[in-house]
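Survey of secondary and tertiary structure
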Amino acid sequence: MFLTRRKKNLFLVPVILFAGTYIFFHTSFFDHRWEPLQPLMNADSEASRLLKFINLYHYKCNNTVNAGNGSGFHVCVDSAGGIDLDKKLTLYSVWSPGGSAFEKVLAHNYSVQTYIIYSNDAAEKDFKNVNNTYLIKTSLVANDYHDFTRNSYGQKTINTIMEYSRHSHMDILKLERPSDEVDLFEVLHFMTMDKLLMDIRQLHIVLVMDTLGEDYLYSWYRVLYNMFYKQGLRLYSTTASSPLCLQVTMMQSCVYWLSWIRDPGDQVFVMHPPADLGTRELEEKRLLNYIKSTKIDCDRYLRMTQDSMLTTILPPLDWGVCMDKPHGLPEHNCVTVIFSPDHETQLQQVLRSHGCRVYSYDLPLEKTNPHTSRSNFKLSRSVKQDITKLLRNKEKISLIDVTYPNLDWNILSALLNDGILKNVSQILVEATLDDSVYGRHSTILRQMYSELQRLEAQGFKLFDSVPCTWRQGQQKRKGKVSGTFSCYKLSFIKGKGKALKFRKSS
């Protein structure tokens, strides 16, 4: 009897271990809101998500060069994110028959040093009289560490080719499917794993819809997603073999030419990819997840009592101004900038009582053209001159407060574009989620999320989030708010320094 019970207990041990491992894996892998990636329920959903991704550009390139009539690629030559074709450049191309226009235009017209990776002998005839071209005959394969034959039997990886050519980076890389046996997404996946795409300034890839299976579609989506989030590449151009391939749905035999640039820097607006299928509900959920999850703790907040100004370790009332060193509001000699249509706000009075110099602006923007897009606003000349003068005198701005209905996101964008926030310790934004023209539209929500990501890229971390309707004197739960509001007061602080304690997103 004892032996039977012992056998049953021993049998339960692996079952319990398996169940515990499954629960841990499922929780850590699938509970993350947007990453790691999650496969969708069917091929139609995967096709819709992938089509949405390649249709919505991350970067707007205003100046492009068409690389030949036989090519669907456009080379970006913008000053911010493009390349200068007048300089000495290197191009690597995985070539397939019938696709030589791109290489010939760049090699012949712009003297780009071009390396052709090929396995079909037709390349030798096609590039025989083309200057600035070098032929590398091999079959390209993915750098899969489990494939011990990957650099033998007439085949090589991109890693080996770069090492052989003694190049540490590529200015331009063009990739087509290497062969019927090797999928291009597999090559890109392992290049991402090896961080090879980090050393490429411009990438052009050909995506061929050989099949509409959900695994195939998800593999492509995962690669493109990781190219944005892990390799710092930004999609700026997509063309297709037929207009229907972009307008209706993905169809088998559709061909897409995708062009990417290296991230142009945090002073240039980059639109983040859609939240999965990019619906309004998903975009709103992603934005609210970010807003409701603080990244840093603040122990001492600025607050006002009936008698005096003081700091406290109690939860904040309404100000959302951190006093923690080294990046919090200093006890003396602080400089603050207020953007508000009101002549005098209560926060301005509080800051003056604290001994801060307050610069207030009620008309901070001017339009660059008659349209009302956010990208068509910039800081007015007088505001920019004042702030530049402060920074020229080696003054550091302790705090910027943006409380300006209908212009809140425009002001934040202008500050990010000019790089002013790099010399600011804290910023408070009264962020309205409902656009005055379009309401809570999916594209507008994605723009808002993208601007908050750009704010984080400039070194800011969210430490306080409270709905605008919660007025002074009302308490809130620290670090998290519940429910959906149309406006939030967001507080950000430079996220460096030992005095700030990082916390996990809730």
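Before reading on, note that the structure itself is shown above.
Here goes a summary of the coordinates provided. (Residues numbered from 1 in each chain as written. Predicted model: local features only at pLDDT ≥ 70, side-chain atom pairs only at ≥ 80, totals over all residues. Heavy atoms only, no water.)

We now examine the state of the cysteines. Under the defined criterion, the tally for this structure stands at five disulfides. Note on cysteine connectivity: C245 is disulfide-linked to C254, with sulfurs 2.1 Å apart. With the S-S dihedral at roughly -85°, the linkage between C245 and C254 falls on the left-handed side. Under the relative-accessibility criterion, C245 is labelled buried at 2%. Through a disulfide, C334 is tied to C356; the S-S separation comes to 1.7 Å. Torsion about the S-S bond of the C334 and C356 cystine: about -90°, corresponding to left-handed handedness. Of this pair, C334 sits in the loop between strand 14 (309–312) and strand 15 (335–339) while C356 is found in the loop between helix 10 (346–353) and strand 16 (357–361), placing the two residues 22 residues apart along the sequence. (Disulfide = S-S within 2.5 Å. Buried < 20%, exposed > 50% of the residue type's maximum accessible area, 1.4 Å probe, protein only. Helix = DSSP H or I, 4+ residues; strand = E, 2+ residues; numbered from the N terminus.)

Let's shift gears to the pattern of salt bridges. Tallied over the entire structure, the rule returns 22 salt bridges. Across the pair D418 and K384 runs a salt bridge whose closest N-O atoms are separated by 3.3 Å. Pair noted here: D418 is in helix 12 (residues 408–418) and K384 is in helix 11 (residues 381–392), with a separation of 34 residues, a long-range link. Overall, D418 belongs to the partly exposed group, its relative accessible area being 28%. Accessibility expressed as a relative area gives 37% for K384, which makes it partly exposed. (Salt bridge = Lys/Arg side-chain N within 4 Å of Asp/Glu carboxyl O.)

Right, let's get into the nonpolar core. I205, W220 and L224 are the most contacted members of the largest nonpolar core, which totals 51 residues. When residues of this core are assigned to their parent elements, the largest contribution, nine residues, is made by helix 7 (residues 214–229). Setting aside its immediate chain neighbours within four residues, L224 contacts L50, F53, I54, I205, L207, L258 and W260. The next biggest cluster of nonpolar side chains, apart from the first, holds 40 residues, and it includes L287, I411, V424 and I444. (Core = buried A, V, L, I, M, F, W, Y, C linked by side-chain atoms within 4.5 Å. Contact = heavy atoms within 4.5 Å.)

Attention now goes to the packing of helix 12 against helix 13 (residues 442–457). With their axes 11 Å apart at the nearest point, helix 12 and helix 13 run at an angle of 35° to one another. Where helix 12 crosses over helix 13, the two elements pack in a sense that is left-handed. For the pair formed by helix 12 and helix 13, the contact residues are W409, L412, S413, L416 and N417 on the first element and M448, E451, L452, R454 and L455 on the second. Its residues assigned to classes, the contact of helix 12 with helix 13 comprises six nonpolar, two polar and two charged. (Axes fitted to C-alpha atoms, helices over the stretch in contact; angles between N-to-C directions. Left-handed = near helix turned anticlockwise from the far one by under 90°. Nonpolar A, V, L, I, M, F, W, Y, C, P; charged D, E, K, R; others polar.)

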